[in-house]
Amino acid sequence: MNYRIAVIKGDGIGPEIVNEAIRVLDRVAEQYGHTFEYREILMGGASIDVYGVPLTDEALEVAKSSDAVLMGAIGGDTNTSPWYQLPPSLRPEAALLRIRKELGLFANIRPAYLYEELKQACPLRDEIIGMGFDMVVMRELTGGLYFGERGTERREDGTRVSHDSLVYDENEIRRIAIRGFDVAMKRRKKVTSVDKANVLDSSRLWRAVVNEVAADYPEVELEHMLVDNCAMQLVRDPKQFDVILTENMFGDILSDEASMVTGSIGMLSSASLNEGKLGLYEPSHGSAPDIAGQDKANPIATILSAAMLLRYSFDLDREADAVEAAVKQVLKDGYRTVDIMSPGCTLVGTAEMGRQILERIER
Ligand code: NAD
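Along every chain, residues carry numbers that run from 1 in the direction the sequence is written. Given that the model is predicted, a residue must reach a pLDDT of at least 70 before its local features are reported, and side-chain atom pairs must reach 80 or more before they are shown or counted; all residues, however, enter totals for whole chains, interfaces and linings. The side-chain figures draw on all heavy atoms in the structure; neither hydrogens nor water molecules are used.

(A) Inspection of the overall build of the protein at higher detail. Elements are defined by DSSP. Helices are runs of H or I of four residues or more, strands are runs of E of two residues or more, and each kind is numbered from the N terminus. Along the protein, the regular secondary structure elements total 12 helices and 14 strands. With C-alpha atoms as the basis for the radius of gyration, the globule rule is written as 2.2 Å multiplied by the number of residues raised to the power 0.38. Relative to a compact globule of 363 residues, whose C-alpha radius of gyration would be 21 Å, the protein shows 21 Å and is just as compact. With respect to the principal axes defined by its C-alpha atoms, the protein has extents near 65 × 50 × 40 Å. Here the protein holds 363 residues, and the buried ones make up 53% of them. A contact between two residues is defined here by any heavy atoms of the two lying within 4.5 Å. Put simply, of all contacts in the protein between residues at least 6 apart along the chain, 75% involve residues at least 24 apart. Here the accessible surface of atoms and residues is derived via Shrake-Rupley with a 1.4 Å probe, and residues count as covered only by protein chains that are part of the display. Summed over all atoms, the accessible surface of the protein reaches about 15,900 Å², with 50% contributed by carbon and sulfur. Residue burial is assigned from relative accessible area. The probe radius is 1.4 Å, only protein chains are included, and a residue is buried under 20% of its type maximum, exposed over 50%, and partly exposed in between.

Listed below in structure tokens is the structure:
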């Protein structure tokens, strides 16, 4: 098959880590007989330097007309980079909000997976970790509290008062729930829907709609959990989770919590999907300007994001499995970048880590 991938290398370590992900995709293409056509576009600081804006309409069109978008990271040192002297709408991060909105990326998936070999980085005790954990947080990305009507006024007596509204209609809930159940069908077939239905009306509607969607997925086990309980359960017994399905703000907080219990920022991938097959795939970390250009960055989060791209945008599950298995094998064989280094392991740079992974991709 022939697929078009828009590539945003971005700023800082972005180009280094994306190059490794592309080398891995090329190996997959070679081994499985696919053709990946890469269409590079500029975004963030790299685009500001050339065009004066963080994302051009032309770049956006290329992204829209591609089958998937692979991204490194954007942004610079927020204290010293001249990009941050610009008005907020022209800064690198403005491009992120725009591309998410224009591509209709309403579903954000962040896996939190604990590798046996990196257990020492996990802040939880051994008896809690057990054999490790493997979950994804599926977060609604374009509705809820962050997008509701808001304002700050003064009452007649002069007291300042603010409000933010949390609004969801049933269609917004249904489409993210369907995505959550679809993802569960590709995994261990369990969905934990997280809400605050004991207090919030929006959560009661959330729960009702999730129940309706569940009726179409009889193979998937569904449980409902209150968000405060979920925050506790993530550190008490993370093994119990497969897919955590939740609204925007709860997902913002829980996905950070879930990823931090793995302890390794350079390992965490993410995907943001639209209603069709188009998705934007990027590591969960930023552009790490402190180590840019030094061949120190861990490319694994980006390589695992490329695996998600294969799985969710192209439905190439076997190919995605092969990339994930290669990453596991490299860790097992003791190769580490500096951020995950431990005694007795072999320290490698960005390019060498990429090479070690692609050499282990097998059909
Ligand atoms: P960061 O994630 O870039 O870096 C935090 C720390 O983790 C740094 O010490 C960095 O060296 C390290 N680190 C991050 N990724 C690594 C990797 N792959 N391998 C090894 N070490 C790694 O966060 P920050 O420093 O707060 O932000 C830097 C810039 O990135 C800012 O401009 C910020 O706005 C931007 N940012 C962009 C995105 C995005 O593109 N989606 C996300 C977050 C932050």
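There's plenty left to go through after this.
(B) Layout of the pairing of strand β11 (residues 269-273). Summarising burial for β11: five of the five residues are buried, a large majority. Burial along β11 is two-sided: the residues Ser269, Ala271 and Leu273 and Ser270 and Ser272 are all buried. If DSSP finds at least two bridges between two strands, the strands pair. Here five bridges tie β11 to strand β12 (residues 279-283), and the two strands are oriented antiparallel to one another. Residue pairing across strands places Ser270 opposite Glu282, the latter belonging to β12.

(C) Structural view of the pattern of salt bridges. When a carboxyl oxygen of Asp or Glu is within 4 Å of a side-chain nitrogen of Lys or Arg, the pair counts as a salt bridge. Summed over all chains, the structure comprises 37 salt bridges. Two residues, Asp252 and Arg139, come together in a salt bridge whose shortest N-O distance is 3.8 Å. With a gap of 113 residues between them, Asp252 in helix α9 (residues 248-260) and Arg139 in strand β5 (residues 134-140) connect regions that are remote in the sequence. Overall, Arg139 belongs to the buried group, its relative accessible area being 12%. In this structure, Asp315 engages Lys186 in a salt bridge whose closest nitrogen and oxygen atoms are separated by 3.2 Å. One end of the pair, Asp315, is in the loop between α10 (300-313) and α11 (317-332); the other, Lys186, is in the loop between α6 (170-185) and β8 (190-195), with 129 residues separating them in the sequence. Relative accessible area serves as the criterion here: at 42%, Asp315 is assigned to the partly exposed category.

(D) Geometry of the packing of α10 against α11. At a minimum axis separation of 7 Å, α10 and α11 run at an interaxial angle of 160°. Taken together, the axes of α10 and α11 lie roughly antiparallel to each other. Considering the relative orientation of α10 and α11, their crossing is left-handed. Contact with α10, carried on its side by Ile300, Ile303, Leu304, Ala307, Leu310 and Arg311, involves Asp317, Glu319, Ala320, Asp321, Val323, Glu324, Val327 and Leu331 of α11 and no other residues of that element. A class-by-class count of the residues in the contact of α10 with α11 yields nine nonpolar, no polar and five charged. Structural elements are reduced to axes, namely lines fitted to C-alpha atoms, with helices fitted over the stretch in contact, and the angle between N-to-C directions of any two is expressed from 0 to 180 degrees. Our angle categories are set so that under 35 degrees counts as roughly parallel, over 145 as roughly antiparallel, 65 to 115 as roughly perpendicular, and the remainder as oblique. Crossings are classed by handedness, with left-handed meaning an anticlockwise turn of the near helix from the far one by less than a right angle and right-handed meaning a clockwise turn. Side-chain classes are defined by residue name, with Ala, Val, Leu, Ile, Met, Phe, Trp, Tyr, Cys and Pro counting as nonpolar, Asp, Glu, Lys and Arg as charged, and the others, Gly among them, as polar.

(E) Geometry of the domain arrangement of the protein. Segmentation of the chain into domains, including their bounds, is taken from an automatic or database domain assignment. Considered domain by domain, the protein is made up of domain 1 (1-115 + 273-363) and domain 2 (123-261). For domain 1 and domain 2, the distance between their C-alpha centroids amounts to 25 Å. Counting from both sides, the interface comprises 19 residues of domain 1 and, opposite them, 21 residues of domain 2. At the surface where domain 1 touches domain 2, the tally comes to four salt bridges.

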